[in-house]
Amino acid sequence: MTRTRISGEARRQRLLDAASDIIIEHGVKAVTMESVTAKNGVDRAIAYRYFKGREDLLSALFDREHANYIANENADVMENSSLEDWMRGVLKHWFALVDAKGPLLNRLMNDQGPLAAKGWHQRRLDRSWWATKIMRSYRLRERTALHLAAIMVGGLTGVLDVRNGTDDEAIIEHMVAGILAAAKALEFSDAGGSGNDSD
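Read on for an overview of the structure. (Residues numbered from 1 in each chain as written. Predicted model: local features only at pLDDT ≥ 70, side-chain atom pairs only at ≥ 80, totals over all residues. Heavy atoms only, no water.)

### So, the overall build of the protein chain
Here comes step 1: For the protein chain, the count of helices and strands is eight helices and zero strands.
Here comes step 2: For the protein chain, the sequential pattern of α-helices and β-strands runs α-α-α-α-α-α-α-α.
Here comes step 3: Across the 199 residues of the protein chain, 38% fall into the buried class.
Here comes step 4: Long-range pairs, those at least 24 residues apart, make up 68% of the contacts in the protein chain with a sequence separation of at least 6.
Here comes step 5: Here the protein chain displays about 11,600 Å² of accessible surface, and carbon together with sulfur accounts for 51% of that area. (Helix = DSSP H or I, 4+ residues; strand = E, 2+ residues; numbered from the N terminus. Buried < 20%, exposed > 50% of the residue type's maximum accessible area, 1.4 Å probe, protein only. Contact = heavy atoms within 4.5 Å. Areas by Shrake-Rupley, 256 points an atom, 1.4 Å probe, with all protein chains shown as cover.)

Written as structure tokens, this is what we have:
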């Protein structure tokens, strides 16, 4: 029987897939170079061709999952959409992603071990990104927009606790209405509108 050789990139993705399966089944702590290669049925030396070690492998998995999320989101949500339409599209995409990969994403983003700094940094980027979107639609100070963005990012995780699988549209409407109403109210009280204040 002839073995089919797979490309280097395909091998790398299989190693990442194995790490993903281990995280879902046992958590981030269970991922080692040995466990990943054993799950793949290959020698441990092969993993070191693609990754410097465990932390490099976990970091690559984190980056892959985040890149896939952004690519799928960009395919579904038009960059020039209104803030309201854009929020609805992103929230629908978020729920679909949670249904497909919730346990993996939760463990990657909330790891307190080697991925802790990466998760914190990504949440910071997400807040900044949301704040920029909010500032483009409302005349808010940067800090005010960042506060609203923090509520939005935190809300994306928080609503999962009350989601029952049948009320996604209602949750989306409530989140959108709440953020837009807050932005509108703050626009009038933000005395001075747009500007960079970093207090």
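### Here we look at the packing of aromatic side chains
Here comes step 1: A full pass over the atoms with the stated rule returns three aromatic pairs.
Here comes step 2: Summarising the aromatic geometry, the rings of Tyr69 and Trp94 are spaced 6.3 Å apart at their centres and angled 80 degrees between planes, so their arrangement reads as edge-to-face. Here Tyr69, found in helix H4 (residues 54-76), pairs with Trp94, found in helix H5 (residues 83-109); they are 25 residues apart in sequence, far enough to count as distant.
Here comes step 3: Centroid distance Trp86 to Trp130: 4.8 Å. Interplanar angle 70 degrees. Geometry classified as edge-to-face. Here Trp86, found in helix H5, pairs with Trp130, found in helix H6 (residues 116-137); they are 44 residues apart in sequence, far enough to count as distant. As far as burial versus exposure is concerned, Trp86 and Trp130 are alike and both buried. (Phe/Tyr/Trp six-rings, centres within 6.5 Å; stacked < 30°, edge-to-face > 60°.)

### Details of the layout of surface pockets
Here comes step 1: For the largest pocket, the calculated volume is near 710 Å³.
Here comes step 2: Taken together, 32 residues form the lining of the largest pocket, with Tyr69, Trp94, Met109, Asp126 and Thr157 sitting closest to its centre.
Here comes step 3: Every element with two or more residues in the lining of the largest pocket is listed here: H4, H5, H6 and helix H7 (142-158).
Here comes step 4: Sort the elements by how many residues they give to the lining of the largest pocket and H5 lands first, with ten residues. (1 Å grid on protein atoms, 1.4 Å probe; cavity = no way out; pocket = protein on both sides within 12 Å on 5 of 7 lines; lining within 4 Å. Points joined across faces, edges and corners; volume = space filled by probe spheres on them.)

### So, the packing of H6 against H7
Here comes step 1: Put simply, H6 and H7 touch, their axes get as near as 8 Å, and they point 120 degrees apart. Here H6 lies oblique to H7, going by the angle between them. Read as a crossing pair, H6 and H7 show a hand that is right-handed. Residues Asp126, Arg127, Ser128, Trp130, Ala131, Ile134 and Met135 of H6 touch H7, and the partners they reach there are Glu142, Ala145, Leu146, Leu148, Ala149, Ala150, Met152, Val153 and Leu156.
Here comes step 2: When grouped by side-chain class, the residues that make up the contact of H6 with H7 number twelve nonpolar, one polar and three charged. (Axes fitted to C-alpha atoms, helices over the stretch in contact; angles between N-to-C directions. Parallel < 35°, antiparallel > 145°, perpendicular 65-115°, else oblique. Left-handed = near helix turned anticlockwise from the far one by under 90°. Nonpolar A, V, L, I, M, F, W, Y, C, P; charged D, E, K, R; others polar.)

### Structural notes on the nonpolar core
Here comes step 1: In terms of nonpolar packing, the biggest core is built from 30 residues, with Met87, Trp130 and Ile134 touching the most fellow members.
Here comes step 2: Elements that contribute at least two residues to this core include exactly H5, H6, H7 and helix H8 (168-189).
Here comes step 3: With ten residues, the top contributor of residues to this core is H5.
Here comes step 4: Setting aside anything within four residues of it in sequence, one finds Met87 in contact with Trp130, Met152, Met175, Val176, Ile179 and Leu180.
Here comes step 5: By size, the runner-up hydrophobic cluster in this structure holds 22 residues, among which are Leu16, Ala18, Val28 and Leu115. (Core = buried A, V, L, I, M, F, W, Y, C linked by side-chain atoms within 4.5 Å.)

### Describing the pattern of salt bridges
Here comes step 1: Taken as a whole and judged by the stated rule, the model has ten salt bridges.
Here comes step 2: In this structure, the salt-bridge partner of Glu65 is Arg64, at a minimum N-O distance of 3.1 Å. Summarising the burial analysis for this pair, Glu65 and Arg64 share the class buried.
Here comes step 3: Sharing partners across several salt bridges, the network here consists of Asp17, Arg64, Glu65 and Lys101. (Salt bridge = Lys/Arg side-chain N within 4 Å of Asp/Glu carboxyl O.)

### Some points on helix H2 (residues 33-40)
Here comes step 1: Listing the buried residues of H2 in full gives Met33, Val36, Thr37 and Asn40. Taken down its axis, H2 places every buried residue within 90 degrees of arc, on the same side.
Here comes step 2: With its phi angle positive at about 70 degrees, Gly41 sits one or two positions after the end of H2. (Arc of directions from axis to C-beta.)

### Observations concerning the side chain of Arg64
Here comes step 1: Relative to the elements of secondary structure, Arg64 occurs in helix H4.
Here comes step 2: Overall, Arg64 belongs to the buried group, its relative accessible area being 15%.
Here comes step 3: Among the polar contacts listed, one links the side chain of Arg64 to the side chain of Gln13, at a separation of 2.8 Å.
Here comes step 4: Within polar-contact distance, the side chain of Arg64 engages the side chain of Asp17 at 2.9 Å.
Here comes step 5: If near-sequence neighbours (up to four positions away) are discounted, Arg64 is found in contact with Gln13, Leu16, Asp17 and Ser20. (Polar contact = N/O pair within 3.5 Å; in protein donor to acceptor, adjacent residues only side chain to side chain.)

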